[in-house]
Amino acid sequence: MRSVPDARAPRSGAHAPRGPGSDRSDWYPATPTQQGIWILDRIERLRPTYLLPSVLEFTGAVDCEVLTAAVARALARHPALRSRFRLDAAARRVDYRTDGSAPEVGFTDAVADGWSSGEIERLVEALCYTPFELADEAPARAEVIRLGEDRVLLVLTVHHIVFDGVSRQLLVDEIGTTYRALVRGVEPELPTPPHPAEVQDRPEDGDGFAERVAGVVERLRGAPTSVTLPYDGDPEDPELSMVGATARTTVDADVTEAVLAVAAQEGCTAFMAGVALLAGTFARTTGQTDFLFAVVWPGRDDPAAADVIGMFMTTLVLRVRLDDGTTWRELLRAARTGGMEAFIDSDVPLDAIAAALDADRDMARPPLTPVLVNLAEDPAPLELSPGVVGHFQPLRPEYSKWDLALFVGLERTTGRDRLELSLNHPAALFTAATTAQLLAELRSSAADLARDPEDTVQNQPSAEKIDLDDPAARLDLVRSIWREVLDTDQVDDDVSFFDAGGDSLRLVILVERLGQASGRALRTVDLFRAGTVRGQADLLAAPADTAGADRGSSRDRLLGAVRGRRTGDERR
């Protein structure tokens, strides 16, 4: 692995960093969000969660020298990526300056140097999650790794204190533009990057800031600062590992279309529909009816900030409430209202709100709520040249700073929109079975909203709504729950559950969902033996008492089983 700090460095006057702020040696006050991140970066176990790593894999003929040079030039151009931070104790604030050295960019030829796959994995993990010393080094790094004749990795890691999701796409696009220009032997046509301080707002400096904080506090006052979650681990454990886990599901295309149609009637986005589904699911499973959810806001309302690499996003908190009589349509309206209220106050720092509502909170815990709801990021691939495309790879491991985060997106690979719901969390807090059950409950909520948006959220479908004497109704019921549990649109009535993609965990969920929907007390072994849609539909046709209804007390059943065995023994 070798560093390439000056590879194909820009010539003097040829789009080198210049202009107001690009080479300044003075200190600037950090934004409230940056100051909060700086404080959290002092907590050792949280440090990896504030890094934004990206791993792109390219296939095709890549000029690794040119790619390394393009990355180095792109990182060196932007003032935010040369930042150094300090605490000004006298002023009680965090400051930064942007005249530091540029981020280091290296090249590793894993083929020539004989790196094993395990060694490469460890290198990538170190590049992604080794913390930065914000006072002394640039808050970004990159490495180009040659894996083969037509396989190259680009590992790019930037600290969240100077970088956000919009910045990631801007930087990746610029790397592609620079690479293509250098391959042709010309200078890339790129605008001079402005200094973040020129376009970042500091709302506390304006008139009426205290009144605005008070208004948000009043709107949120009385809401619980916790959400009743089905924890398997202890969220208060000071040694809790932040290594995360993700589980995802997609909602049936017909259900998705119906949900989005009702949401559109109420002026709701897919994100707001996700908020409603989460609140409704929690209300149905826990009884909690008043929620605070965190949401990330891009913070680029000023057009001047649209193309600036820096940290502009902020975390907002929206409130959504319901009661026993709230319908799904009304819950969508509540989610929209809560979202609009939060967005209107997007320039009010969360730390100021949290200090007023929960002054004694643990700084290592998420402020005001342990739950985040957000739109799923879908970064575009990077095309270096015709036929050479870099795709973002899953991060291993991944880290999570929220107890539970729901990401809402739309999956379009099948030609029809399907809601995609992803749950991310510290792996130690929830088992795979718990998250699978929560995803099943979210799909169930979506199906109920689609079926009848005028029905109350708390009124889950009961057995009386399904005619179990009708063979077609039984088949429809079992098919719909198979689709939900297996996360697929296509179900064959005569294919076994396991051949269709099921496993033992999904079978347990299937038993619970079929029992809830049919009113039958079903056993796992019964559904295992009746392993197809048709077989399980026939199972539901049995009278309730033969499908697991009450057969007396536990002692009666125990003694009955023993007597039956003794009788059998006597007959031998």
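Residues numbered from 1 in each chain as written. Predicted model: local features only at pLDDT ≥ 70, side-chain atom pairs only at ≥ 80, totals over all residues. Heavy atoms only, no water.

**Structural notes on helix 4 (residues 165-184)**
- Taking 1.5 Å of rise per residue, 20 residues should cover 28 Å, and helix 4 covers 30 Å from first to last C-alpha, within 8% of that figure.
- Looking only at helix 4, the buried set comprises S167, R168, L171, V172, E174, I175, G176, T178, Y179, A181 and L182.
- Positive phi shows up at G185, right after helix 4, with a value of about 80°. (Helix = DSSP H or I, 4+ residues; strand = E, 2+ residues; numbered from the N terminus. Expected span 1.5 Å × (residues − 1). Buried < 20%, exposed > 50% of the residue type's maximum accessible area, 1.4 Å probe, protein only.)

**Here we look at helix 10 (residues 432-451)**
- In a regular helix each residue adds 1.5 Å, so 20 residues correspond to 28 Å; helix 10 covers 28 Å between its end C-alpha atoms and thus fits that length.
- For helix 10, the buried fraction is high: 14 of the 20 residues fall into the buried class.

**Structural notes on the confidence of the model for the protein chain**
- Confidence in the prediction for the protein chain averages 86 pLDDT; 88% of positions are at 70 or higher.
- In this model residues 2-23 is a low-confidence stretch, pLDDT under 50, and it forms 49 contacts with partners more than four residues away in sequence or in other chains.
- pLDDT under 50 marks residues 544-555. Its contacts with residues more than four places away, or in other chains, come to 11 contacts. (pLDDT = per-residue confidence, 0-100. Contact = heavy atoms within 4.5 Å.)

**Regarding the pairing of strand 13 (residues 382-385)**
- Sheet topology note: the strand 13/strand 14 (residues 388-392) ladder contains 3 bridges and is antiparallel. Considered in strand 14, the bridge of L382 is made with G390.
- Between strand 13 and strand 14, which pair antiparallel and follow one another directly, the connecting turn spans 2 residues, one of which, G387, has a positive phi of 85°. (Pairing = 2+ DSSP bridges.)

**Comments concerning the packing of helix 7 (residues 270-286) against helix 8 (residues 328-344)**
- With their axes 8 Å apart at the nearest point, helix 7 and helix 8 run at an angle of 120° to one another. Classified by the angle between their axes, helix 7 and helix 8 sit oblique to one another. Viewed along their axes, helix 7 and helix 8 form a crossing whose handedness is right-handed. Counted together, F271, M272, A273, V275, A276, L277, A279, G280 and R284 of helix 7 and W328, L331, L332, A335, R336, M340 and F343 of helix 8 form the full contact between these two elements.
- Split into classes, the residues belonging to the contact of helix 7 with helix 8 amount to 13 nonpolar, 1 polar and 2 charged. (Axes fitted to C-alpha atoms, helices over the stretch in contact; angles between N-to-C directions. Parallel < 35°, antiparallel > 145°, perpendicular 65-115°, else oblique. Left-handed = near helix turned anticlockwise from the far one by under 90°. Nonpolar A, V, L, I, M, F, W, Y, C, P; charged D, E, K, R; others polar.)

**A closer look at the sheet that holds strand 4 (residues 84-88)**
- The 3 strands are arranged 2-5-4 in an open sheet whose pairing can be described as antiparallel. Looking at strand neighbours, the two that pair on one side only are strand 2 (28-29) and strand 4, the edges of this open sheet.
- Where strand 2 lies against strand 5 (residues 93-97), 2 bridges are found, and the strand directions are antiparallel. Within strand 5, the position partnered with P29 by the bridge is D95.

**A closer look at the side chain of H425**
- In this structure, H425 sits in strand 16 (residues 418-426).
- Residue classification places H425 among the buried positions, given a relative accessible area of 3%.
- Filtering out sequence-adjacent residues up to four positions away, H425 remains in contact with V243, G244, A245, S400, W402, D403, L404, F430 and T435.

**Remarks on the packing of aromatic side chains**
- For the structure on display, the rule yields 12 aromatic pairs.
- On the numbers, 6.5 Å between centres and 35° between planes, the contact of F271 with F343 is tilted. Placement of F271 in helix 7 and of F343 in helix 8 is noted, with a sequence separation of 72 residues between them. Grouping residues by exposure puts F271 and F343 together as buried.
- The interplanar angle of 25° and the centroid separation of 5.6 Å between the aromatic rings of F291 and F293 together place this pair among those described as stacked. There is no split in this pair, since F291 and F293 are both buried.
- An aromatic cluster of at least three residues, connected via ring pairs, comprises W482, F497, F498 and F528.
- Against the face of W27 rests R86, its NZ or CZ located 4.1 Å from the ring centre. (Phe/Tyr/Trp six-rings, centres within 6.5 Å; stacked < 30°, edge-to-face > 60°. Lys NZ or Arg CZ within 6 Å of the ring centre and 35° of its normal.)

**A few points about the pattern of salt bridges**
- For the structure on display, the rule yields 37 salt bridges.
- When the shortest N-O distance is used, the salt bridge between E149 and R146 registers 2.9 Å.
- One network of salt bridges, with partners in common, ties together D476, R479, D493, D494 and R534. (Salt bridge = Lys/Arg side-chain N within 4 Å of Asp/Glu carboxyl O.)

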